[in-house]
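Here is what each chain is made of, one letter per residue.
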Protein chains: 2
Amino acid sequence: MNDKLTDRKKKVLQALVDSYITSVEPISSSDIQKRYLPEVSTATIRSELSHLEEMGYLIQPHVSAGRVPSSKAYRYYVDNFIIDDDIDLDAMKEYVARKYDSVAEIVKNGAKIVSDVTNYTSLLMISNSDTLTIKDVKLVDMYDGTALVLIITDSGVIKDKEIQLPTSEDNYIESANSLLGKCFAGKTLSQILSTHVDLDSELNAFKQIFEDVIDLLGEYKKSRDGQLYVEGANKIFDYPESKNYDNVKNFMTIVGKKDKLKELMSDEGNIEFSIKIGAEEGEGLDNMALVSAKYHVKGKEVGQLGVIGPERMDYKRVLTVLKHLGKLIDKLDD
Amino acid sequence: MNDKLTDRKKKVLQALVDSYITSVEPISSSDIQKRYLPEVSTATIRSELSHLEEMGYLIQPHVSAGRVPSSKAYRYYVDNFIIDDDIDLDAMKEYVARKYDSVAEIVKNGAKIVSDVTNYTSLLMISNSDTLTIKDVKLVDMYDGTALVLIITDSGVIKDKEIQLPTSEDNYIESANSLLGKCFAGKTLSQILSTHVDLDSELNAFKQIFEDVIDLLGEYKKSRDGQLYVEGANKIFDYPESKNYDNVKNFMTIVGKKDKLKELMSDEGNIEFSIKIGAEEGEGLDNMALVSAKYHVKGKEVGQLGVIGPERMDYKRVLTVLKHLGKLIDKLDD
DNA sequence: TGTTAGCACTCTCCTATCTTGACTGCTAAT
DNA sequence: ATTAGCAGTCAAGATAGGAGAGTGCTAACA
């Protein structure tokens, strides 16, 4: 991995990727000369191109065609040429302000906004339950010896279910409530599910309730863990790539495979942005790229928002949009 | 619309549709002779075919090709040749029993089951709020003068939100609860939203709460009305039809257009099954068909479940699956 | 040593032409 | 009314030629 590129090689590479991103056609030496490097001859550019090809940055579909960037070139491009300046900030802000007027809607429609603004398919993944804190657990008296279990978190009530009460004593619910609050409040879902609550020594009368509540939490965790929403999967038909049947099928297949997408989106570590490009990622993401960012509500990480599209996507625009939407969501209060 | 077909014409038509459903290639006179009518000559079948074509049942892609059924033929086929016997009942039952073990899951995964078993894309539409009855509305005391509003329906708690209490009087919540129950219990969402609750004459102190609750109900109605889930959109790639780019695009486009799908699914009247075939339905459903059925939980209509796929779909299988799943869901208790 | 002009070479893409095979529609006989 | 036989039509595949695009190489030059 020797990425010592001369200045002119860098320029050529950037020019080629830039051109390709918009035209989606193999780029020839004269294309580059005309629009980016008029001061040197096409022959010179050709020799640079063939050198870059040797180094693995470019691919030539056939001998008399221009060149196309390889995954390595895209990687180099996003690492070196994307200076993430804030050009689109105003447009974004205006967009958000105009179409949606409450934070709840912005969060809910986050994926839609990203998809609309970037014109790529967007992905929204709810963070897994490790980050979710239980604020309180409450029983609400219903009728005929049943009660409603409410699990209240920092983002609202998340699960409710009727359960049978083992007794109809008057203060049973009250006592249970205080005990439940004491045990669960302030903990994360994972903490609760991994620690064994030892109740036998305490009041055995509440054992059933506790088991029910823990079951409920487990159920919720299962249903929520890494839920993934896809928005705008049909954008593929707007790209020239869709003329190729295999591309469409690949794209739709991977967009349908939530597991694979989750795997791609869930990055270890604390990287705020992640960009996965084509072949880099092994099978499944050929000719495609996935850009994703963590996002926060009121300073707390709640999920990841990303974009999946052709490998030659407009990385600058996508990154800008994701970054600003992240900021907007984070800052706003409900 | 003269559908007086001779017995042999019927036989030929059925043979052709049957063949086409499995082969998805134009059917020739000799195909029909070999497999369905060896007792007559191909010439005879040809004359029947050309007669059926005149009548609008068949289409000839070009003069030296076989014939393909028209939408009219499919319509005739489902109306006359589908005797909905219960062949698949056992397989279905086993399937349901094996993979899912609670009703909640069956309902939730209804669309998935249908899609898996039929191998077509399935659609699930939640009935609109006209059929949803409010069982109770409750305020739950939280902290710092806020309360949680719970809207309880016959299918569980459907909406919750924190609101500010106008006062911190001790019995305020209790009084509000009884008043809310009195006003809303037993009514449908639409009833509540369409009738104006005249509170001024009663206790003015609860005015704000009522307005909040009604807002909440309105919000819920909006979010729930005719929600549509699509499962297995990628099945299209399993059909030979997907070799044609336009078919894929059409299919994906209509599957993406939730509004159009809702329109197609929401039948007036009390028809339990509805079958819409291709051109019959005007633009949008070309070369496709949509089969849908209302389904019930505990005897109450909760939505519609359907299948969308190529016009030449296996209607018999689809109808059988939908019918039995409907029965299974309806019968089971929670 | 780096750059350039010039040229031969390669390969895709388009078009035209031909052949083959699959069906049909028609006609005349049964 | 049914059938056999045959001529006619058309899609699809194969083949060939030509145009255009773009490269790699070589030799000359700064």
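Report on the accompanying structure. (Residues numbered from 1 in each chain as written. Chains lettered and ligands numbered in written order. Predicted model: local features only at pLDDT ≥ 70, side-chain atom pairs only at ≥ 80, totals over all residues. Heavy atoms only, no water.)

A short note on the overall build of chain A
When its secondary structure is counted, chain A shows 13 helices and 10 strands. Considering chain A as a whole, with its 334 residues, one finds that 47% of them fall into the buried category. Considering only contacts within chain A whose residues lie at least 6 apart along the sequence, 61% involve residues at least 24 apart. Carbon and sulfur atoms provide 48% of the accessible area of chain A, an area that totals close to 16200 Å². (Helix = DSSP H or I, 4+ residues; strand = E, 2+ residues; numbered from the N terminus. Buried < 20%, exposed > 50% of the residue type's maximum accessible area, 1.4 Å probe, protein only. Contact = heavy atoms within 4.5 Å. Areas by Shrake-Rupley, 256 points an atom, 1.4 Å probe, with all protein chains shown as cover.)

Looking at the protein's contact with DNA strand C
Around DNA strand C there are 19 residues in total, and R8, T44 and S64 of chain A together with S29 and R67 of chain B lie nearest to it. For DNA strand C, the fraction of atoms within 4 Å of the protein that belong to sugar or phosphate moieties is 74%. In this structure, a phosphate oxygen belonging to DNA strand C sits 2.3 Å away from a side-chain N or O atom of T44 of chain A. Counting only elements with at least two residues in the surface near DNA strand C, the list comes to α3 (42-54) of chain A together with α3 (42-54) of chain B. In terms of residue count, the dominant contributor to the surface near DNA strand C is α3 of chain A (3 residues). Here the surface near DNA strand C is composed, by residue class, of 5 nonpolar, 9 polar and 5 charged. (Near = heavy atom within 4 Å. Polar contact = N/O pair within 3.5 Å; in protein donor to acceptor, adjacent residues only side chain to side chain. Nonpolar A, V, L, I, M, F, W, Y, C, P; charged D, E, K, R; others polar.)

Details of the protein's contact with DNA strand D
Around DNA strand D sit 19 residues in total, of which S29 and R67 of chain A together with R8, T44 and S64 of chain B are the nearest. Residue S64 of chain A places a main-chain N or O atom 3.1 Å away from a sugar or linking oxygen belonging to DNA strand D. At a separation of 3.1 Å, a phosphate oxygen of DNA strand D approaches a polar backbone atom of S41 of chain B. Split by residue class, the surface near DNA strand D holds 5 nonpolar, 9 polar and 5 charged.

What about the interface of chain A and chain B?
With 21 residues of chain A at the interface, the matching set in chain B holds 22 residues. Carbon and sulfur atoms make up 62% of the area that chain A and chain B hide from each other, which totals about 1900 Å². The tally of links from chain A across to chain B stands at 0 salt bridges. Counting across the chain A and chain B interface gives 4 residue pairs in polar contact (both at pLDDT 80 or more). At the level of elements, β4 (134-141), β5 (146-153), β6 (156-164) and α11 (245-256) of chain A are the ones that each hand at least two residues to the side of chain A that touches chain B. When residues in the side of chain A that touches chain B are grouped by element, the largest group, 6 residues, is from α11 of chain A. Residues that form the side of chain A that touches chain B fall into these classes: 11 nonpolar, 4 polar and 6 charged. (Buried area = accessible area lost by both parts, 1.4 Å probe. Salt bridge = Lys/Arg side-chain N within 4 Å of Asp/Glu carboxyl O.)

Side note on the relation of the copies chain A and chain B
Between chain A and chain B, which share one sequence, the superposing operator has a rotation angle of 179 degrees and an axial displacement of 0.0 Å; the RMSD is 0.2 Å. Expressed as a symmetry operation, the mapping of one chain copy onto the other fits a two-fold axis. When C-alpha distances to the rotation axis are compared across chain A, the minimum falls at Y245 of chain A, with a value of 3.4 Å. Residue by residue, 100% of the interface of chain A is reproduced at the interface of chain B, so both copies engage with the same surface. (Least-squares fit on C-alpha atoms with pLDDT ≥ 70 in both.)

Brief notes about the pattern of salt bridges
Counted by the stated rule, this structure contains 13 salt bridges over all chains. Notably, a salt bridge pairs D116 of chain A with K112 of chain A, separated by 3.4 Å at the nearest N-O pair. Here the residue D116 of chain A and the residue K112 of chain A both occupy positions in helix α7 (residues 110-118), the gap between them amounting to 4 residues, near one helical turn. Residue class for D116 of chain A comes out partly exposed when judged on its relative accessible area of 26%. Close ionic contact of E241 of chain B with R312 of chain B constitutes a salt bridge, the shortest N to O distance being 2.6 Å. Of this pair, E241 of chain B sits in the loop between β7 (228-231) and α11 (245-256) while R312 of chain B sits in the loop between β10 (300-310) and α13 (315-331), and the two are 71 residues apart along the sequence. By relative accessible area, R312 of chain B is classed as buried at 8%. Taken together, the shared-partner salt bridges connect R8, K9 and E48 of chain A into one network.

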